[in-house]
Amino acid sequence: MALTQLNLGSELGVEVLHQRWYALILYQLDPEPTDFMELRRTVRGISTFNLLLQLKQLADLGLIETLANDDYSYQLTDSGYMFHNILLSLEHWGNATLTHELSH
C-alpha cells in the first residue's frame with residue numbers, strides 16, 4: 001500500500017521547518033542563552049515586533065525558552081535543539097549535493 005500522506009506528527013515537523021522565520025531563529029539559537037539584541041542582529045529582514053511574535057510562537061511550541069534577565073535571552077529546549085540539528089543535517093546534505101552536482 002502506497003503512503004499518500006504524512007502522519008500528523010510528520011506534518012507538524014515539516015510545517016515548523018517550512019516556516020521561514022522559525023527555521024532561521026532555530027538555526028541561530030543553541031542551548032546556551034542568546035541575548036535578544038544579538039538574535040535581532042543575526043536574524044535579518046524581520047521587524048522587531050515580528051521577531052518577538054515568532055519567538056513567542058516557538059516558545060508555545062516548546063522549542064525555545066525565554067529567560068527574563070536584564071536583557072531578554074532565548075535558548076533552545078531539547079526539542080528545539082533536535083530541530084536545530086535537523087537544520088544542520090539539511091545544510092550538510094544540501095552542500096554535499098551541490099558540491100556533487102557542480103563537480104559533474
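In this text, all values refer to a predicted model and were calculated from it rather than measured experimentally. (Residues numbered from 1 in each chain as written. Predicted model: local features only at pLDDT ≥ 70, side-chain atom pairs only at ≥ 80, totals over all residues. Heavy atoms only, no water.)

Chemist: Help me out: how do you make sense of the confidence of the model for the protein chain in this one?
Modeler: Note: predicted coordinates in regions of low pLDDT should not be interpreted at a detailed level. Summary statistics for the protein chain give a mean pLDDT of 88 and a share of 95% for residues scoring 70 or more. Taken element by element, the protein chain is modelled with least confidence in helix H1 (residues 8-18), mean pLDDT 81, and with most confidence in helix H4 (residues 48-60), mean pLDDT 96. (pLDDT = per-residue confidence, 0-100. Helix = DSSP H or I, 4+ residues; strand = E, 2+ residues; numbered from the N terminus.)

Chemist: I tried to follow the nonpolar core on my own but got confused; where do I start?
Modeler: For soluble globular proteins, nonpolar side chains are generally found buried alongside one another. Counting residues in hydrophobic clusters, the biggest one holds 20 residues, and the most contacted among them are Ile25, Leu26, Leu29, Leu55, Leu58, Ile64 and Tyr74. Of all elements in the fold, only helix H2 (20-28), helix H3 (36-42), H4, strand S3 (73-76) and helix H5 (78-103) reach the threshold of two or more residues within this core. At five residues, H2 tops the list of elements feeding residues into this core. In this structure leucine 58 touches Tyr22, Ile25, Leu26, Leu63 and Ile64, once residues within four positions along its chain are discounted. (Core = buried A, V, L, I, M, F, W, Y, C linked by side-chain atoms within 4.5 Å. Buried < 20%, exposed > 50% of the residue type's maximum accessible area, 1.4 Å probe, protein only. Contact = heavy atoms within 4.5 Å.)

Chemist: Please clarify how the sheet that holds S3 should be interpreted in this entry.
Modeler: Think of a sheet as strands paired side by side through backbone hydrogen bonds, with each pair either parallel or antiparallel. In spatial order, the strands read S1-S3-S2; together these three strands make up an open sheet with antiparallel pairing. Each of the sheet's edge strands pairs with one partner strand only, and the pair in question is strand S1 (34-35) and strand S2 (64-67). Examined bridge by bridge, S2 and S3 share four bridges and lie antiparallel to one another. Bridge pairing in S3 links leucine 67 to serine 73. Sheet strands in contact with H4 are S2 and S3, and its direction is about 115° off that of S2. (Pairing = 2+ DSSP bridges. Axes fitted to C-alpha atoms, helices over the stretch in contact; angles between N-to-C directions.)

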